[in-house]
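Residue-level listing of the chains:
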Amino acid sequence: MIGRLLKRAVLIGGVCGVAVSAQAQQRPLVTEDPETIGAGFVLIEAGFDYERDEQFTVSGLTGTLLRVPVVGLSIGVSSIAEIQLDGLSYSRLAVTDRDVLAPLSGAVTFAGETTTSVEDFVIGTKVRLVSETDRRPAFGFRFATRLPMASNESGLGLDTTDFFATILMGKTTESVRIVGNVGVGILGDPTRGDRQNDVLLYGVSIARAVAEGFELVGEINGHGSTRRGVPPPGTESRSVMGLGARYTRGTVRLDVGVSAGITTRDRSFGITAGFTWVFEAFQVP
């Protein structure tokens, strides 16, 4: 059962005799699969991110960013819906450059060449609207809110609350699964309380099963500013390309990935690694 699901690039296999078809964020990918984890199941994922030349355009900081641990949690509240809590992490930036002309550079209060902070985290809900068939992809919908946990005094936060709504699509053909996301994000202006930027969210990922329990994955994911002229600081267009691999054994999966920024504001290079564990936690009435 597990091998057949993996060969179809479905992401987590049997727990207690029940097949779990997908997961919340599919580490190391970011593009969201429309499949949910299943009623009564809980998914826990954890890992680390290492990113070189990460830019914080609002505070004017650039440096090498380490996020550890990066923790996510998904709870299957029905066969078609799950609640997600993502981005629970602690960040450390080794600063290599400062732009004193950045909008909120004067708000940065740390001393030395290193700054730390908890990360903003995201609370969301995903619902599978249409199941996949031989001829039709699965469709889902996800909405989420990013909460301002990282402060602008650390240089790592924006102190804004942002909203995201995304349509999800996914289709498996033989050993390949293709997933696509498109939606809108409402990003607040960290320099003004009366302005926002509505950005276009997008993502495309491919997962290919190459051996029992082993997959190669890749994606392009990001958002594009829809505002004419110069967008508000911190809401500029960003896009990242990633490649990686996953190995599943039983109910645990290990992953590793590399990434590179596409725009001039994105990281030059990144590495991520972690694990995912799915288990049956409760019975849904």
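Quick summary incoming for the structure in this document. The residue numbering used here restarts from 1 in each chain and proceeds along that chain's sequence as written. It should be noted that, the model being predicted, local features are given only for residues of pLDDT at least 70 and side-chain atom pairs only at 80 or more, the latter also being counted only at that level, while totals for whole chains, interfaces and linings use all residues. Values reported for side chains reflect all heavy atoms of the structure, with hydrogen atoms and water molecules removed beforehand.

### Details of the overall build of the protein
Point 1. Only DSSP runs of H or I covering at least 4 residues are called helices, and only runs of E covering at least 2 are called strands; the numbering of each starts at the N terminus. Of regular secondary structure, the protein possesses one helix and 14 strands.
Point 2. Each radius of gyration reported is based on C-alpha atoms, and the globular scaling rule is 2.2 Å times the count of residues to the power 0.38. Taking 285 residues into account, the globule formula puts the C-alpha radius of gyration at 19 Å, and the protein, at 19 Å, falls close to it.
Point 3. Taken along its principal axes, the extent of the C-alpha atoms in the protein is 55 × 35 × 35 Å.
Point 4. Within the protein, residue pairs in contact and separated by at least 24 positions form 58% of the contacts whose partners lie at least 6 positions apart. Whether two residues are in contact is decided by their heavy atoms: any pair within 4.5 Å suffices.

### Concerning the packing of aromatic side chains
Point 1. Within 6.5 Å between ring centres, the rings of Phe, Tyr and Trp (the latter by its six-membered ring) count as paired, and their orientation is classed by plane angle as stacked under 30 degrees, edge-to-face over 60, tilted in between. Evaluated as defined, the whole model comprises two aromatic pairs.
Point 2. Centroid distance Phe141 to Phe143: 6.1 Å. Interplanar angle 40°. Geometry classified as tilted.
Point 3. The exposure class assigned to Phe141 is partly exposed, which follows from its relative accessible area of 31%.
Point 4. Taking the centre distance of 4.5 Å and the plane angle of 35° together, the rings of Trp277 and Phe279 count as tilted.
Point 5. Think of it in three bands: with a 1.4 Å probe and only protein chains considered, a residue is buried below 20% of the maximum accessible area for its type, exposed above 50%, and partly exposed in between. By relative accessible area, Phe279 is classed as partly exposed at 22%.

### Section: the environment of Arg52
Point 1. Within the element layout of this structure, Arg52 appears in strand β1 (residues 41–56).
Point 2. C-alpha of Arg52 to C-alpha of Gly270: the two residues are 218 residues apart in sequence and 6.2 Å apart in space.
Point 3. The residues contacting Arg52, other than those within four sequence positions of it, are Gly63, Thr64, Arg267, Ser268 and Phe269.

### A look at the pattern of salt bridges
Point 1. Salt bridges are defined by distance alone: a side-chain nitrogen of Lys or Arg within 4 Å of a carboxyl oxygen of Asp or Glu. A complete count under the given rule lists 17 salt bridges for this structure.
Point 2. For Lys126, the salt bridge is made with Glu32, and the minimal N-O distance between the two is 3.1 Å. With Lys126 in strand β6 (residues 121–130) and Glu32 in the loop between α1 (2–7) and β1, this pair connects stretches of sequence that are 94 residues apart. Side by side, Lys126 and Glu32 carry an identical accessibility label, which is buried.
Point 3. In this structure, Asp162 and Arg146 form a salt bridge, with 2.7 Å as the shortest nitrogen-oxygen distance. With a gap of 16 residues between them, Asp162 in strand β8 (residues 162–173) and Arg146 in strand β7 (residues 138–147) connect regions that are remote in the sequence.
Point 4. Here Asp162 falls in the buried class, since its relative accessible area comes to 3%.
Point 5. The network of salt bridges with common partners includes Glu51, Glu54, Arg67, Glu119 and Arg267.

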